[in-house]
Amino acid sequence: MFYAKQPSDLLTIEQISRISGLDFMQGILDGRLPGPPIAETLGYHLHSVEDGQVVFRGTPEFHVCNPMGTVHGGWYGTLLDSAMACAVMTKVPLGAVYTTLEYKINILRPIPLGTTIDCTGSIDHVGRSTGVAHGEIRGLADGKLYATGSTTCIVMQIAPQ
């Protein structure tokens, strides 16, 4: 996987509208399309893509800590937003895009620094105008549930099908 380093590395909305959401996500996973810069910044990457589900994998390190030395809540939120919204993207049809309308997270326990986690996003419903998904962060080695989330996304038709 490679990450976009500047805005011109990213696909335009017009280019995105010519492929299905599932093809877009698989293109990032396969390295044909650039990954999101935020993932490189925060230390996670797209691990798997299926129709209606995606998994991001990451390992929080010191640079994502708050002043108390624990993993910042924004890391959990960003990771869950990425996984849940990208799960919705896998169901977005040709000629459409999505964006997050709202999301909520519940942090259940702190993730120890250096612990590799999987963050799974799975759809509940994707229709013509909205998508709803849920997500969870689990430790790869210990299987512990560290956080959960839910999201609502808007699906916008931008080009004729």
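Residues numbered from 1 in each chain as written. Predicted model: local features only at pLDDT ≥ 70, side-chain atom pairs only at ≥ 80, totals over all residues. Heavy atoms only, no water.

Another aspect to go through is the pairing of strand 4 (residues 117-126). Two faces, one strand: in a regular strand the side chains alternate between the faces of the sheet. With six bridges connecting them, strand 2 (residues 53-58) and strand 4 associate as antiparallel partners. The partner of Gly-58 across the bridge, within strand 4, is Ile-117. Linkage of strand 4 to strand 5 (residues 130-139), two consecutive antiparallel strands, is achieved through a turn of three residues. (Pairing = 2+ DSSP bridges. Helix = DSSP H or I, 4+ residues; strand = E, 2+ residues; numbered from the N terminus.)

Quick look at the pattern of salt bridges now. Tallying each qualifying case throughout the model produces six salt bridges. Residue Arg-18 is joined to Glu-14 by a salt bridge in which the shortest nitrogen-to-oxygen separation is 2.3 Å. Summarising the burial analysis for this pair, Arg-18 and Glu-14 share the class exposed. Two residues, Glu-136 and Arg-138, come together in a salt bridge whose shortest N-O distance is 2.7 Å. Overall, the relative accessible area of 33% leaves Arg-138 in the partly exposed class. (Salt bridge = Lys/Arg side-chain N within 4 Å of Asp/Glu carboxyl O. Buried < 20%, exposed > 50% of the residue type's maximum accessible area, 1.4 Å probe, protein only.)

On to the environment of Gly-149, then. Tracing the backbone through its elements, the reader meets Gly-149 in strand 6 (residues 145-157). Along the backbone, Gly-149 and Asn-106 are 43 residues apart, and their C-alpha atoms lie at a distance of 6.1 Å. For Gly-149, the contacting residues outside a window of four places in its chain are Leu-80, Met-84, Lys-104, Ile-105, Ala-133, His-134 and Gly-135. (Contact = heavy atoms within 4.5 Å.)

Take the layout of surface pockets next. One number sums up the size of the largest pocket: a volume of about 580 Å³. Lining the largest pocket are 26 residues, with Phe-24, Ile-28, Pro-36, Cys-86 and Tyr-98 positioned closest to its centre. Residue assignment for the lining of the largest pocket shows that the elements contributing at least two residues are helix 1 (13-16), helix 2 (21-30), helix 3 (37-42), strand 1 (44-50), helix 4 (73-89) and strand 3 (96-107). By residue number, the principal contributor to the lining of the largest pocket is helix 4, which donates six residues. Here the lining of the largest pocket is composed, by residue class, of 20 nonpolar, five polar and one charged. (1 Å grid on protein atoms, 1.4 Å probe; cavity = no way out; pocket = protein on both sides within 12 Å on 5 of 7 lines; lining within 4 Å. Points joined across faces, edges and corners; volume = space filled by probe spheres on them. Nonpolar A, V, L, I, M, F, W, Y, C, P; charged D, E, K, R; others polar.)

Read these as geometric descriptors, not functional statements.
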